[in-house]
Amino acid sequence: MNSRRRFLTLSTLGSLTGLGSLKAFGQVKPVKGPIIISTWNTGIRANNLGYEILQNGGSVLDCVEKGVNVIENDPNNRTVGIGGFPDIEGNVTLDACIMDQHQHCGSVAFLQHIKNPVSVARKVMENTKHVMLVGEGALKFALEQGFKKEVLLTEKTLTAWKKRKAEEDDKLPEINIENHDTIGMIARDADGNLSGSCTTSGAGMKLHGRVGDSPIIGAGLYVDNDIGGAAATGWGEAVIENAGSAMVVELMRHGRSPQEACEEIVRRIANKLEDWRSIQVGFIALNKAGQTGAFSIKKGFTYAHHSGGQNTERPADSLIKG
Ligand code: ASP
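Residues numbered from 1 in each chain as written. Predicted model: local features only at pLDDT ≥ 70, side-chain atom pairs only at ≥ 80, totals over all residues. Heavy atoms only, no water.

Enquirer: How should I be thinking about the environment of L221 in this particular structure?
Expert: Positionally, L221 belongs in strand 7 (residues 221–224). Separated by twelve residues in the primary sequence, L221 and T233 place their C-alpha atoms 9.6 Å from one another. Non-local contacts of L221, meaning those with residues more than four positions away in its chain, are made with C97, I98, M99, M185, I186, G196, S197, C198, I216, A230, A231 and S245. (Helix = DSSP H or I, 4+ residues; strand = E, 2+ residues; numbered from the N terminus. Contact = heavy atoms within 4.5 Å.)

The structure is reproduced here in structure tokens:
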């Protein structure tokens, strides 16, 4: 590309997105319009509502909150919100976080009885001086904010839990396409501003009190409005140990495409774990220019990609191909 054309491309990108850090994107031609990505095929429904919100003039933060609320509200989804698989003692405990274009974030962990933890996380961000509330304190805060206490354990999950207990099967269920895990969502509005969200009931049969990566800013989710955002799904402990999503964003800052960044962090995680073949970890990423990427350890991870009015489920490439 000649230098004038390159300058114009970067200027367009700069004016489209208010970019602070142009050099991170080199010669990338920006994708126009809103872009939304979400983990797994459940992301399709989340993206649809998120897109509608943006089209109706809603904010990118509304898009990522209300989008994942759709899945939290679905009692048939066994890994998020109401109907989420319980811990080893039979309690449904939820983790979620949200992050906006101003580097503000909110998070709740080990929250019981409230089906929309991501919305409580947003209230933590907007109505307190804090970033994270957990357990009883998070529940007390949610009730004060007007959230309703509900029974999150459904007949279906109770039956499945009892069966596992009877079989003395306290192994964590395999996280993959069979049980469509955590929903993480990253969106960029037409002005180029980014937000992200992540919500989960965590690993089924986890120890009571266990918190995974999903509510941890920098692990399950990270957004930097100058660069891009990333979200994780899979074995949360491995994601926390490697500050997964923050690292994906950091690699994008240093010039990697979202795809390259996701691949590099998945490889890093696998290289550090002897039993990496037995776990699933996947990342999705979106940069400020509108490029996206996804990569996982095991085959089977998919993500929903909404751009140019098209919402499609895409398979992620993986370290283990078979
Ligand atoms: N990443 C989430 C966690 O570890 C959800 C999951 O993978 O089960 O809690």
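Enquirer: Please clarify how the sheet that holds strand 1 (residues 35–39) should be interpreted in this entry.
Expert: The strand order across the open sheet formed by eight strands is 4-3-2-6-5-1-11-12, and the pairing between neighbours is mixed. The open sheet has two free edges, formed respectively by strand 4 (132–134) and strand 12 (310–315), since each of these has just one partner strand. Each strand axis lies, on average, 10° off the axis of its neighbour in the sheet, ignoring direction. Relative to strand 3 (residues 105–111), strand 2 (residues 94–99) is paired through five bridges, and the arrangement is antiparallel. Residue pairing in the sheet places M99 in a bridge with C105 of strand 3. Together, strand 2, strand 3, strand 4 and strand 6 (194–200) form the strand contacts of helix 4 (residues 117–127), whose direction differs from that of strand 3 by roughly 130°. (Pairing = 2+ DSSP bridges. Axes fitted to C-alpha atoms, helices over the stretch in contact; angles between N-to-C directions.)

Enquirer: Would you explain the packing of helix 2 (residues 43–55) against helix 3 (residues 60–72) in this entry?
Expert: Geometrically, a packed helix pair is captured by the angle between its two axes and the distance between the axes. Contact geometry of helix 2 with helix 3 gives a least axis separation of 8 Å together with a crossing angle of 145°. Every pair of crossing elements has a handedness; the one defined by helix 2 and helix 3 is right-handed. When helix 2 is examined against helix 3, the residues R45, A46, L49, G50, I53 and L54 are found in contact with a partner set consisting of V60, D62, C63, K66, G67, V68, V70 and I71. When the residues that make up the contact of helix 2 with helix 3 are grouped by side-chain class, the tally is nine nonpolar, two polar and three charged. (Left-handed = near helix turned anticlockwise from the far one by under 90°. Nonpolar A, V, L, I, M, F, W, Y, C, P; charged D, E, K, R; others polar.)

Enquirer: Where do I start with the pattern of salt bridges in this structure?
Expert: Side-chain pairs of opposite charge can arise whenever the charged atoms involved come near each other. Counted by the stated rule, this structure contains 15 salt bridges. Across the salt bridge formed by R122 and D62, the nearest N and O atoms sit 2.7 Å from each other. Placement of the pair is R122 in helix 4 and D62 in helix 3, with a sequence separation of 60 residues. A relative accessible area of 13% means that R122 is categorised as buried. A relative accessible area of 22% means that D62 is categorised as partly exposed. Among the ionic pairs, E144 bridges to K140, the shortest N-O distance being 3.2 Å. One end of the pair, E144, and the other, K140, are both in helix 5 (residues 135–144), four residues apart, so they sit about a helical turn from each other. (Salt bridge = Lys/Arg side-chain N within 4 Å of Asp/Glu carboxyl O. Buried < 20%, exposed > 50% of the residue type's maximum accessible area, 1.4 Å probe, protein only.)

Function-wise, these values are silent; they only describe arrangement.
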